[in-house]
Amino acid sequence: MAAGFLNTCTVQKSRAVLNRVHILFHFTAILFLLYYRISSLLHGNVPFVSWIVITISELIFTFIWILTQAFRWRPVVRTVEPENLPGDDKLPGVDVFICTTDSNKEPVVEVMNTVLSVMALDYPPEKLAVYVSDDGGAPETLYALKEACQFAMSWIPFCRKYGIKNRCPDAYFSSSDDSERLVWSDEFKGEEQNIKLNYEKFKKNVDKTSDVEESDRPDRPAHVEVIYDNKNEGFEDDQSKMPLLVYVSRERRPSHPHHFKAGALNALLRVSGIMSNAPYTLLLDCDMYCNDPTSAKQAMCFHLDPKISGSLAYAQFPQVFYNVSKNDIYDGQARSAYKTRYQGMDGIRGTVCAGTGYYLKKKALYCRPGNEDEFLNEAEKNFGHSSKFIDSLTALNGKPVNERENLSAAIIEEAKGLASCTFEDNTEWGKEIGYSYDCMLESTFTGYLLHCKGWKSVYLYPKRPCFLGCATIDMKDAMVQLMNWSSALVEVGLSRFSPLTYGMSRVSILQNLCYGYFMFSHFFSVPCFLYGIVPQLCFLFGIPLYPKVTNPWFAAFATVFISSLCQHLYEVLSSGGSVSTWWNEQRIWMIKSVTACLFGCLDVFFKWLGIAKESFRSTNKSIDQEKLEKYEKGKFNFKGAKNFMIPLILLVLLNLGCFIGGLKGLIHRRNVEEMFGQGFLSLYIFVLGLPILEGLIPKLSN
């Protein structure tokens, strides 16, 4: 590598070639399969209803398969060289946004651990600011933030002094890995013990307050409070310096729409604009702590690269989870997304925005590349009536402004106005400016719009995960989370922003196919459900849907099936997985397709009819010991998920019944060659669902 390079981008050529060869081979088999289906229907010598249903299902499968191939066309891997960055005095500022909503589902101590890990980032403290948005308006969150600030005054110097990498205190003290404790001097042991005692005291104080305070107030004024202002503090040494820390609870009134997380993020954009006004922001989920303090500098290796920085909107890091078991029965690690699809999409102008763990250029939310003054010509009309915030936008565009003021009472009052319900009225916030309000998945959809405006993104998967979060460990939370995603994305796919229309002329064909996959792949649920019913019923009554095993056309069906399984197995093994991982992903894919994805699609339909309303179902991030024990043993936990599982258990039982009944018919009719495909399909679905059935039937009987 030439000296001075900040990053490299390497195309995975062998993987790309294998992928392209497989695409050609598999697509040829699909064409033969569809030709057989359609020609048989046109000749009219087959049962029309069952064949037309199966043919439509296979056409939907084909459409979604075509969308998927864009991820496989040009996968890339990126590396960074932070040592080639300019000195700390030349690094840009970074504002960190952490959003929390419900202290009952998002434990306050866990949120504070995320805050502490961010405050201890290996980045100039005077150029770092941390903003905590509390959409629940919980008094215990504000109290805990003040306690966390006190604890940080001893925790951050300790981390810097001894070069601690894991700067989340809970993870550090609960880890049995001694690689962080390279210094075993008496001084280190004494300081570590004192820090641990302080941390236990901090947790005790926070937990005690959480038990007695009211956790949510939906009708309240805006509250903005500076917990720690690093500009007014004097420091004896650099190790003791801390970043700006601000608590923000925007105004909430039942009569005004609050736009969920997107509204909270837009409020943070405005409040941070008149306080620290960093050109970049890191967005983190409240349960995703910093596992590598160098993440900001790694991101700057892209944002400060003159070759790509002009059109770069964000640098995305993968979501990695610390509590994923070896079996990972719920596919919490989302291997196919973070180790396959994101790398593939990165090779075609940039990956999707995951909603957490990304460093964003704020300016990208306000204009198109190279058109900084796009909305500043009518600034008050577009951004609202705040001269201080409009001045901050001028600073983002690189024009000279005065140095940051002290955070006086006047600034705080201005910030409260920026966080009010009515500030956005008759402006472009949520439309052309900031995070969009047109989708519940605000970051993913806003990232899509940024790509449509001409911005690009990059994806970095470092050896040491920069961020670690908490994955769902029971079926209910996994289903609720996926239903939220599928409902929101399907809505976009059917709206005026559909990649089939809006994105077609705005992004490249391959990138558009990728976004099409995210928005239409949940329709997998429809053909999956039909494929779990129609062939089995036909098998039971002796109605053939597939050619005889001895018929050459049967090879097309067998090839598509085996080719799909082999391609999936190759991707799993090449990304560090095992055969067990492959099987678990096959199983959870079937479960999710006919449950959460199906309910997500139905949710969109009910909203269209006016039966259902727009709502956000938050997942529970608190850890239950009973759930954890079941999860670590590889046992499915269906507590609270009965309604989600009804379609699945019906399918599994139907496949078992039809398989047994169909076998009796085969013995009587002696037509094994004709019915082999349907019998095998029934058995395959039943085997996939058998472990789920074992855990689900006792729950339903209770």
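Here we summarise the structure given alongside this text. Being a predicted model, the structure only gives us computed values, none of them experimental.

1. Some words on helix 1 (residues 13-43)
Consideration 1: Taking 1.5 Å per residue, 31 residues should reach 45 Å; helix 1 reaches 45 Å between its end C-alpha atoms and fits that length.
Consideration 2: Gly44 sits one or two residues past helix 1 and shows a positive phi near 70°.

2. Focus on the sheet that holds strand 5 (residues 223-228)
Consideration 1: The mixed open sheet is built from 8 strands, whose spatial order is 5-6-4-3-7-11-9-12. Only two strands of the sheet have a single neighbouring strand rather than two, namely strand 5 and strand 12 (456-459). On average, adjacent strands in this sheet sit at an angle of 20° to one another, irrespective of strand direction.
Consideration 2: Two strands pair when backbone bridges link them, and strand 4 (residues 128-134) and strand 6 (residues 244-249) are joined in this way by 5 bridges, in the parallel orientation. Counted as the bridge partner of Val130 is Leu245 from strand 6.
Consideration 3: Set on the sheet, helix 9 (residues 335-346) makes contact with strand 9 (312-316) and strand 12; between it and strand 12 the angle comes to about 145°.

3. What to know about the nonpolar core
Consideration 1: Residues Tyr131, Met275, Tyr366, Tyr435 and Tyr448 are the most contacted members of the largest nonpolar core, which totals 126 residues.
Consideration 2: Take this core: its biggest share by element is 8 residues, from helix 7 (residues 260-275).
Consideration 3: Residues within four places of Tyr448 in sequence aside, it is in contact with Phe497, Ser498, Pro499, Tyr502, Gly503, Tyr515 and Met519.
Consideration 4: Counting residues in hydrophobic clusters, the runner-up holds 67 residues, among them Met112, Ala144, Ala152 and Ala296.

4. Topic: empty space enclosed by the protein
Consideration 1: For the structure shown, the criterion picks out 5 cavities of 30 Å³ or more.
Consideration 2: Lining of the largest cavity is provided by 13 residues; of these, Glu432, Gly434, Thr446, Leu449 and Lys453 occupy positions nearest its centre.
Consideration 3: Partitioned by chemical class, the residues of the lining of the largest cavity number 6 nonpolar, 4 polar and 3 charged.

5. Some details on the packing of helix 3 (residues 108-119) against helix 4 (residues 139-162)
The packing of two helices is summarised by the inter-axis angle and the distance between the axes.
Consideration 1: One way to put it is that helix 3 packs onto helix 4 with a least axis distance of 9 Å and a crossing angle of 40°. One finds that helix 3 runs oblique with respect to helix 4. Helix 3 and helix 4 meet at a crossing whose hand is right-handed. In contact with Val108, Met112, Val115, Leu116 and Met119 of helix 3, helix 4 contributes Glu140, Thr141, Ala144, Leu145, Ala148, Phe151, Ala152, Trp155, Ile156 and Arg160.

6. A word on unusual backbone geometry
Trans peptide bonds make up most of the peptide bonds, and negative phi angles are found at most residues other than glycine.
Consideration 1: The backbone of Asp328 shows a phi angle near 50°, a positive value even though the residue is not glycine.
Consideration 2: Relative to the helices and strands, Asp328 resides in the loop between strand 10 (320-321) and helix 9.
Consideration 3: The residue Asp331 is not glycine, and still its phi comes out positive at about 55°.
Consideration 4: Relative accessible area serves as the criterion here: at 15%, Asp331 is assigned to the buried category.

7. Some thoughts on the sheet that holds strand 8 (residues 289-290)
Consideration 1: Pairing is mixed in the open sheet, where 3 strands are placed in the order 8-13-10. Across the chains shown, the open sheet's two edge strands, defined by having one partner strand only, are strand 8 and strand 10.
Consideration 2: One ladder, built from 2 bridges, connects strand 10 with strand 13 (residues 467-469); its direction is parallel. For Val320, the partnering residue across the bridge sits in strand 13 and is Leu468.

8. Points about the packing of helix 2 (residues 48-68) against helix 15 (residues 509-520)
Consideration 1: Two numbers describe how helix 2 lies on helix 15: the axes approach to 7 Å, and their chain directions differ by 135°. Accordingly, the angle class assigned to the pair helix 2 and helix 15 is oblique. In terms of crossing hand, the pair formed by helix 2 and helix 15 is left-handed. Here Phe63, Ile64, Leu67 and Thr68 of helix 2 lie close against helix 15, whose contacting residues are Leu513, Gly516, Tyr517 and Phe520.
Consideration 2: Each residue belonging to the contact of helix 2 with helix 15 can be placed in one class, and the counts come to 6 nonpolar, 2 polar and no charged.

9. Here's the deal with the packing of aromatic side chains
Consideration 1: Under the defined criterion, the tally for this structure stands at 50 aromatic pairs.
Consideration 2: Look at Trp155 and Phe173: their rings are 5.9 Å apart centre to centre, the planes differ by 50°, and that puts the pair in the tilted class. In this pair, Trp155 is assigned in helix 4 and Phe173 in helix 5 (residues 169-174), connecting sequence segments 18 residues apart. Each of the two residues, Trp155 as well as Phe173, counts as buried.
Consideration 3: Note on Tyr459 and Tyr461: the rings are 6.4 Å apart at their centroids and 75° apart in plane angle, and the pair reads as edge-to-face.

What counts and how
- Residues numbered from 1 in each chain as written.
- Predicted model: local features only at pLDDT ≥ 70, side-chain atom pairs only at ≥ 80, totals over all residues.
- Heavy atoms only, no water.
- Helix = DSSP H or I, 4+ residues; strand = E, 2+ residues; numbered from the N terminus.
- Expected span 1.5 Å × (residues − 1).
- Pairing = 2+ DSSP bridges.
- Axes fitted to C-alpha atoms, helices over the stretch in contact; angles between N-to-C directions.
- Contact = heavy atoms within 4.5 Å.
- Core = buried A, V, L, I, M, F, W, Y, C linked by side-chain atoms within 4.5 Å.
- Buried < 20%, exposed > 50% of the residue type's maximum accessible area, 1.4 Å probe, protein only.
- 1 Å grid on protein atoms, 1.4 Å probe; cavity = no way out; pocket = protein on both sides within 12 Å on 5 of 7 lines; lining within 4 Å.
- Points joined across faces, edges and corners; volume = space filled by probe spheres on them.
- Nonpolar A, V, L, I, M, F, W, Y, C, P; charged D, E, K, R; others polar.
- Parallel < 35°, antiparallel > 145°, perpendicular 65-115°, else oblique.
- Left-handed = near helix turned anticlockwise from the far one by under 90°.
- Phe/Tyr/Trp six-rings, centres within 6.5 Å; stacked < 30°, edge-to-face > 60°.

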